[in-house]
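# Results of the structural survey
Here is how the chains run, residue by residue.
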Amino acid sequence: MNTIHPLAVVAPEAKIGDGNFIGPFCVINKDVVIGDNNKFYNSVTVHDGARIGNGNEFFPGASISTKPQDLKFKGEITTAEIGDNNSIRENVTISRGTASKGKTVVGSGNLLMENMHVAHDCVIGNGCIIGNSTKFAGEVVVDDNAIISAEVLIHQFNNIGGYVMVQGGSRTSQDIPPYVIAGKEPIRFAGVNLIGLRRRGFSNETIEMIHDTYRIIYASSVLKDGINEARMKYPESKEVEYICSFIENSKRGIIR
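Residues numbered from 1 in each chain as written. Predicted model: local features only at pLDDT ≥ 70, side-chain atom pairs only at ≥ 80, totals over all residues. Heavy atoms only, no water.

### Some remarks on the overall build of the protein
On a plain count of helices and strands, the protein comes out with four helices and 28 strands. Taking 2.2 N^0.38 as the reference for a compact globule, 256 residues should give roughly 18 Å; the C-alpha atoms of the protein span a radius of gyration of 20 Å, in line with that estimate. Taken along the three principal axes of its C-alpha coordinates, the protein extends 65 × 40 × 30 Å. Counted over contacts in the protein with a minimum sequence separation of 6, partners at least 24 positions apart contribute 29%. Across the protein, the mean location of the 26 positive side-chain charges is 4 Å away from that of the 28 negative side-chain charges. (Helix = DSSP H or I, 4+ residues; strand = E, 2+ residues; numbered from the N terminus. Rg over C-alpha atoms; globule rule 2.2 N^0.38 Å. Contact = heavy atoms within 4.5 Å. Lys, Arg positive; Asp, Glu negative; His and termini not counted. Charge placed at Lys NZ, Arg CZ, Asp CG, Glu CD.)

Following this line, the structure appears as structure tokens:
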């Protein structure tokens, strides 16, 4: 059974599961699908195209599946897909997709802090923490378990690797590879995210291998040569392969 406040506005066409709480002054539009056991505190707006899983919390002022801030958008039918058990705090805005990809995706178990923005066609993985007032431009990809601090600006089409820690107030127009700390001004590689990796259960041996991989790659005058050397030295490591593949597939270049 859902609990819907009498001051909420819920379109009769919206598909809503069971056990949801919808507070006062919330607005749920018609082309919306909501799973079970979600909480929409007061003044949350869920626009057309939202596809929401289970067990999420939406705090006051959040606006989900908003019209993309992209002049190429011509009203095509697109979605914003949100997984399970996310905490989406006050005044977070998540735009739906455009014709480019058709959908914006936020995975599961994420914390999106107050006043942050996820633009059209972004893909955020699982277990990420995104700080207050951080802004993602269109088609940014963030891999699992990334921590991005407050007031960070991410350029469109950038990729952010998993298990990173990005310093507050940073801005980047280049990709940030996995397992690293990125910070300073201008933003650059500031070492391996040792504390974060230990908290996530990475062994000292694996962390040392990651550190050595970056030493090899960044010390090489040609990235491709460093990648090949790292692969030859650690041919069985999935962590090293993740680093090498991420860098190889980077279209904007990586921070150095």
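After presenting the structure, the write-up continues.
### Considerations on the packing of helix α3 (residues 223–233) against helix α4 (residues 238–248)
Following both chains from N to C, one finds α3 and α4 inclined at 160 degrees, their axes separated by 10 Å at the closest point. One way to sum up the angle between α3 and α4 is to call them roughly antiparallel. With respect to the hand of their crossing, α3 and α4 are arranged in left-handed fashion. Residues L223, I227, A230 and R231 of α3 pack against V240, E241, C244, S245, I247 and E248 of α4. (Axes fitted to C-alpha atoms, helices over the stretch in contact; angles between N-to-C directions. Parallel < 35°, antiparallel > 145°, perpendicular 65-115°, else oblique. Left-handed = near helix turned anticlockwise from the far one by under 90°.)

### So, the environment of L111
Its location among the elements puts L111 in strand β16 (residues 111–112). Taking the C-alpha atoms as reference points, L111 and S87, separated by 24 residues in sequence, lie 4.9 Å from one another. Once you skip the residues sitting within four places of it in the chain, L111 turns out to touch S87, R89, C128, I129 and I130.

### Structural notes on the nonpolar core
Formed by 63 residues in total, the largest nonpolar core has its most connected members in F40, I88, I94, L112, F136, V142 and I176. At the level of secondary structure, the elements contributing two or more residues to this core comprise β9 (50–52), β12 (79–82), β27 (180–183), α2 (204–219), α3 and α4. Ranked by the residues each element gives to this core, the list is headed by α2, at seven residues. When near neighbours in sequence (up to four residues on either side) are disregarded, F136 contacts M116, H117, V118, A119, C122, I124, I130, V142, I148 and I154. (Core = buried A, V, L, I, M, F, W, Y, C linked by side-chain atoms within 4.5 Å. Buried < 20%, exposed > 50% of the residue type's maximum accessible area, 1.4 Å probe, protein only.)

### Here's the deal with the environment of E81
By secondary structure assignment, the location of E81 is in strand β12. Not counting chain neighbours up to four residues away, the residues in contact with E81 comprise R51, K103, T104, V105 and V106. At 3.3 Å, the side chain of E81 forms a polar contact with the side chain of T79. (Polar contact = N/O pair within 3.5 Å; in protein donor to acceptor, adjacent residues only side chain to side chain.)

### A short note on the pattern of salt bridges
Counted under the stated rule, the structure contains ten salt bridges. In this structure, E241 engages R231 in a salt bridge whose closest nitrogen and oxygen atoms are separated by 2.9 Å. Separated by ten residues along the polypeptide, E241 in helix α4 and R231 in helix α3 bring together distant segments of the chain. By relative accessible area, which is 34% here, E241 ends up partly exposed. Measuring nitrogen to oxygen at the nearest pair gives 3.2 Å for the salt bridge that ties E239 to K238. Overlapping salt bridges bring together D212, R215 and K233 as one network. (Salt bridge = Lys/Arg side-chain N within 4 Å of Asp/Glu carboxyl O.)

### Section: the environment of V10
As for its position among the elements, V10 is in strand β2 (residues 9–10). According to the relative accessible area criterion, V10 is partly exposed, its value standing at 26%.

### Brief notes about α2
Taking 1.5 Å of rise per residue, 16 residues should cover 22 Å, and α2 covers 22 Å from first to last C-alpha, within 8% of that figure. Where α2 is buried, its residues meet β27, β28 (188–192), α1 (194–199), α3 and α4. (Expected span 1.5 Å × (residues − 1).)

### Concerning the sheet that holds strand β1 (residues 3–4)
Taken in spatial order, the eleven strands of this open sheet run β1-β4-β7-β10-β13-β16-β19-β22-β25-β27-β28, and their pairing is mixed. Each edge of the open sheet is held by one strand with a lone partner, namely β1 and β28. Sheet topology places β1 next to strand β4 (residues 21–22); two bridges connect them, and they run parallel. Within the sheet, the bridge partner assigned to T3 lies in β4 and is F21. Across the sheet, α2 is in contact with β27 and β28; its angle to β28 comes to roughly 145 degrees. (Pairing = 2+ DSSP bridges.)

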